[in-house]
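One-letter residues, chain by chain:
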Amino acid sequence: MLNTPWAHGEYLIVPYRPFSGTPSKNDRIIAEASEHPERFLISPRSGHIPTLVARLLTSADNAVWEVWKCEALCGIIILDHIVPNIEARWHIVFLDDELASKASLLNIFAQRCFSDFGLHRLIIEAPESMPKLLSFARRKLGFDYEGGTRAGSRRERAHFDDERWYDVVLLQ
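Reading guide: rules and limits
Just so you know, the residues in each chain are numbered from 1, in the order the chain's sequence is written. Thresholds applied to this predicted model are a pLDDT of at least 70 for local features of residues and 80 or more for the giving and counting of side-chain atom pairs; totals over whole chains, interfaces and linings are not thresholded and use all residues. Side-chain metrics rest on all non-hydrogen atoms present in the structure, leaving aside hydrogens and water. Secondary structure elements are defined from DSSP: runs of H or I of at least 4 residues count as helices, runs of E of at least 2 residues count as strands, and each element is numbered from the N terminus. Burial classes follow relative accessibility: with a 1.4 Å probe on protein chains only, a residue under 20% of its type's maximum area counts as buried, one over 50% as exposed, and anything between as partly exposed. Throughout, a contact is declared for two residues whenever any of their heavy atoms are within 4.5 Å. Axis geometry follows a simple rule: fit a line to the C-alpha atoms, using only the stretch in contact for helices, then measure angles between N-to-C directions, giving values from 0 to 180 degrees. Each angle receives one of four descriptions, namely roughly parallel if under 35 degrees, roughly antiparallel if over 145, roughly perpendicular if within 65 to 115, and oblique otherwise. Each crossing gets its handedness from the near helix: less than a right angle anticlockwise from the far helix is left-handed, clockwise is right-handed.

(A) Summary view of the environment of Phe94. With respect to the element layout, Phe94 can be found in strand E5 (residues 87-94). Phe94 sits in the buried class, given a relative accessible area of 3%. For the pair Phe94 and Gly21, spaced 73 residues apart in the sequence, the C-alpha separation amounts to 19 Å. In this structure Phe94 touches Glu32, Arg39, Val67, Cys74, Gly75, Leu99, Lys102, Leu105 and Leu106, once residues within four positions along its chain are discounted.

Here it is, written out as C-alpha cells:
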C-alpha cells in the first residue's frame, strides 16, 4: 500500500509525518515553498505561504510522502483533490531540481496510485512558467494535455507569482 514505506533504488519513500524524524525537514520544505511557491501551486496572493503549505501537507484530505536519498530529504510527493477511486492531483516537488534521475521512481509511484489507491486518473497542474516540469511530465511520465490539445488544457491567468499572471497548464 502507499501508506507504508517503500524503496526504489536509492530512494526511500515514507508517508509524511510532520512530528516524526528531524524537525529540520519541515523547515526545509517551508523554505522551499517560500522560495518556489509555484511548485506547490500556491500564489503569494493566496495568503501566508508557510501556513498554506502546512495546510497542504497536513490536511487529512491529502496524501503526502517524503522522498529520502542517503538519509537526506530530497523531495515531497503530494496527492490532493482526491476523488476516491477516480482521480487525484499530483504535486512533484524535488529540492534538488533534478527530475530526470527520478523518472523511474515517479513512474512506479504513478502505477502504485492506480493499483493501490484504485485511481483511474492523475492530474498535474503547473504554471506555464514551469516548462521543465511540464515537459518532463509529458516526455518521461506519459502525461498529455487535458482535452488533448495545448490550447484546451489551460486555466487562464490562474497563478500569480507576485509580479505576473500565468496560465496553469493541465496534464492528465
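Structure shown, so let's carry the discussion forward.
(B) Geometry of the packing of helix H1 (residues 24-35) against helix H2 (residues 49-58). Orientation of H1 relative to H2, taken along the N-to-C sense of each, is 120°, at an axis distance of 9 Å. Classified by the angle between their axes, H1 and H2 sit oblique to one another. Crossing of H1 against H2: the hand is right-handed. Counting all contacts with H1, which are made through Ile29, Ile30, Ala33 and Ser34, the residues of H2 involved are Ile49, Pro50, Val53, Ala54 and Leu57.

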